[in-house]
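So the chains spell out like this:
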Amino acid sequence: MPLSLYAQTKAPNQSPYVDEHTDKLLKALAGVMDSSVNALLVEAIDQWLSKPEIQEKTEKHRLDELD
């Protein structure tokens, strides 16, 4: 299931630790984009997971079959 769809269901909470400057920047960008920090992070993770090298590792280690 794509992460963006999974994030819309009851998902485990992931809270990355970022420095104060990054935290302020993310909050400001979320406001400018009429979004949320969570939505920005989900989008960034979706993009990272779609990278060819990550897809290769996922397939090689059969990580897409995890329950």
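Residues numbered from 1 in each chain as written. Predicted model: local features only at pLDDT ≥ 70, side-chain atom pairs only at ≥ 80, totals over all residues. Heavy atoms only, no water.

1. Regarding the overall build of the protein chain
Here's step 1: Secondary structure assignment for the protein chain yields 4 helices and 0 strands.
Here's step 2: Counted from the first residue to the last, the protein chain has its helices and strands arranged as α-α-α-α.
Here's step 3: Counting only residues that meet the buried cut, the protein chain has 9% of its 67 residues in that class.
Here's step 4: Just so you have it, the protein chain exposes about 6000 Å², and 57% of that area is on carbon and sulfur atoms. (Helix = DSSP H or I, 4+ residues; strand = E, 2+ residues; numbered from the N terminus. Buried < 20%, exposed > 50% of the residue type's maximum accessible area, 1.4 Å probe, protein only. Areas by Shrake-Rupley, 256 points an atom, 1.4 Å probe, with all protein chains shown as cover.)

2. Focus: the confidence of the model for the protein chain
Segments scoring low in pLDDT should not have their predicted coordinates read at a detailed level.
Here's step 1: Looking at the protein chain, pLDDT values average 88 and 85% of them are 70 or higher.
Here's step 2: Per-residue pLDDT, averaged within each element of the protein chain, yields its smallest value for helix α1 (residues 3-7) (54) and its largest for helix α2 (residues 20-32) (97). (pLDDT = per-residue confidence, 0-100.)

3. Regarding α2
Here's step 1: Compared with an ideal rise of 1.5 Å per residue, which puts 13 residues at 18 Å, α2 spans 18 Å between its outermost C-alpha atoms and is within 8% of the ideal.
Here's step 2: Residue D19 occupies the N-cap position of α2, its side-chain oxygen lying 3.1 Å from the main-chain nitrogen of H21.
Here's step 3: The first or second residue beyond α2 is D34, which carries a positive phi of 50°. (Expected span 1.5 Å × (residues − 1). Polar contact = N/O pair within 3.5 Å; in protein donor to acceptor, adjacent residues only side chain to side chain.)

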